[in-house]
Amino acid sequence: MKVKTFVCNMLHENCYVAYDEPSREAAIIDPGFYWDEEKRRLERFVQEHDLQVKYLLCTHLHFDHIFGTTFIEDTYGVKVSASLEDSAWISNFAQTVARFGIPSDVMPRPVGHPIHHGDTLMLGEEPLQCLSTPGHSAGGTCFYASQSHLLFSGDTLFQGSIGRTDFADGNYGQLIRSIQQELLPLPPNTIVYPGHGDPTTIEDEMRYNPYV
């Protein structure tokens, strides 16, 4: 599995395009595209690599991770796959971005394909497993590609840090349990692609992350 990173919006959110080279099937994960040029860069990449966008996946539904969901839906004909536990973040999207002082005329649509812990999505011949990791948000989900040793961790686990838990549905103890029970048991060489910042590995986080 190949991975392309796009850093998006004013909060420097990471959107990932994960794709299977033989089949050209792709998943767009956490499309935080806010500005038009960000959207054009994605379109050029998809066209140049002749990708077929099969999934639109969200690790959670905080506004900085879903600015571009409507654009992806309209452009590639796919619907949001995410946990329904985060649906309130879509309902409250306009109020949330206003509270942060961010102009937006976009209204994300409801989740089209609910996902649950243990669900498996296929990109070509490679499975992508859904791991429920609540704590940063009620519906936090990570996506794990076991054959390629890749994990898309959203805002659950960062290089040397963890996601914030001071939102209404955040829970610090729950987040730590999610990391310890679902992520740290993964193979040490698993590359972690977080929602913000640089990639890391499970091994490095077990050694150096003071929170876990």
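Quick summary incoming for the structure in this document.

Conventions we followed
- Residues numbered from 1 in each chain as written.
- Predicted model: local features only at pLDDT ≥ 70, side-chain atom pairs only at ≥ 80, totals over all residues.
- Heavy atoms only, no water.
- Buried < 20%, exposed > 50% of the residue type's maximum accessible area, 1.4 Å probe, protein only.
- Helix = DSSP H or I, 4+ residues; strand = E, 2+ residues; numbered from the N terminus.
- Pairing = 2+ DSSP bridges.
- Phe/Tyr/Trp six-rings, centres within 6.5 Å; stacked < 30°, edge-to-face > 60°.
- Lys NZ or Arg CZ within 6 Å of the ring centre and 35° of its normal.
- Right-handed = clockwise from strand over helix to strand, strands pointing away.
- Contact = heavy atoms within 4.5 Å.
- Axes fitted to C-alpha atoms, helices over the stretch in contact; angles between N-to-C directions.
- Disulfide = S-S within 2.5 Å.

As a further point, take the pairing of strand β2 (residues 13-19). With seven of seven residues buried, β2 lies mostly within the body of the structure. Because side chains alternate across β2, one face comprises the buried residues Glu13, Cys15, Val17 and Tyr19, and the other comprises Asn14, Tyr16 and Ala18, equally buried. Here seven bridges tie strand β1 (residues 2-8) to β2, and the two strands are oriented antiparallel to one another. Opposite Lys2, over in β2, you have Tyr19 as the bridge partner. The antiparallel hairpin formed by β1 and β2 contains four residues in its connecting segment, where Asn9 sits at a positive phi of about 55°. Here four bridges tie β2 to strand β3 (residues 25-29), and the two strands are oriented antiparallel to one another. From the neighbouring strand, Val17 faces β3, where its bridge partner is Ile28. The antiparallel pairing of β2 with β3 creates a hairpin that spans five residues between the two strands, and Arg24 there sits at a positive phi of about 70°.

Its location among the elements puts Ala168 in the loop between β12 (161-162) and α6 (172-183). Sequence separation between Ala168 and Pro210 is 42 residues; the distance between their C-alpha atoms is 24 Å.

Going through the model one piece at a time under the given rule, you end up with 13 aromatic pairs. Ring centres 5.1 Å apart and planes at 90° place the aromatic pair Tyr34 and Trp35 in the edge-to-face group. An angle of 20° between the planes, with centres 5.5 Å apart, marks the rings of Phe152 and Tyr193 as stacked. Taken together, the residues Phe152 in strand β10 (residues 150-154) and Tyr193 in strand β13 (residues 191-194) connect sequence positions 41 residues apart. For the residue pair Phe152 and Tyr193, the accessibility class agrees, reading buried in each case. In this structure an aromatic cluster arises from ring pairing among Tyr34, Trp35, Phe63, Phe67, Phe93 and Phe100. The ring of Phe6 has Lys4 sitting right over it, with the charged end atom 5.6 Å from the ring centre.

What follows concerns the pairing of strand β4 (residues 52-57). Examined bridge by bridge, β3 and β4 share five bridges and lie parallel to one another. Pairing of Ala27 across the sheet is with Tyr55, part of β4. Handedness of the crossover joining β3 and β4 through helix α1 (residues 36-48) is recorded here as right-handed.

Attention shifts here to the sheet that holds strand β9 (residues 141-145). Taken in spatial order, the six strands line up as β7-β8-β9-β10-β13-β14 in an open sheet, and their pairing is mixed. Pairing within the sheet leaves two strands with one partner each, and these edge strands are β7 (120-123) and β14 (200-201). The sheet contact formed by β9 and β10 spans three bridges and is antiparallel. When the sheet's bridge partners are listed, Ala145 is paired in β10 with Leu150.

Of the positions making up helix α3 (residues 69-76), those classed as buried are Thr69, Thr70, Phe71, Ile72 and Glu73. The inward-facing, buried residues of α3 contact β3, α1, β4, α2 (63-66) and β5 (80-82). Positive phi appears at Gly77, one or two residues downstream of α3, with a value of about 70°.

A word on the sheet that holds β1. Here six strands make up an open sheet; going across it, the order is β1-β2-β3-β4-β5-β6 and the pairing mixed. Both edges of this open sheet fall to β1 and β6 (113-114), since each of them pairs with a single strand only. Packed onto the sheet, α3 meets β3, β4 and β5 and runs at close to 150° relative to β4.

Below, the discussion takes up the state of the cysteines. Tallied over the entire structure, the rule returns zero disulfides. Cys15 forms no disulfide, and the closest cysteine sulfur to it belongs to Cys8, at a distance of 5.1 Å. The exposure class of Cys15 is buried, given its relative accessible area of 0%. No disulfide involves Cys58; its sulfur sits 9.1 Å from that of Cys15, the nearest cysteine.

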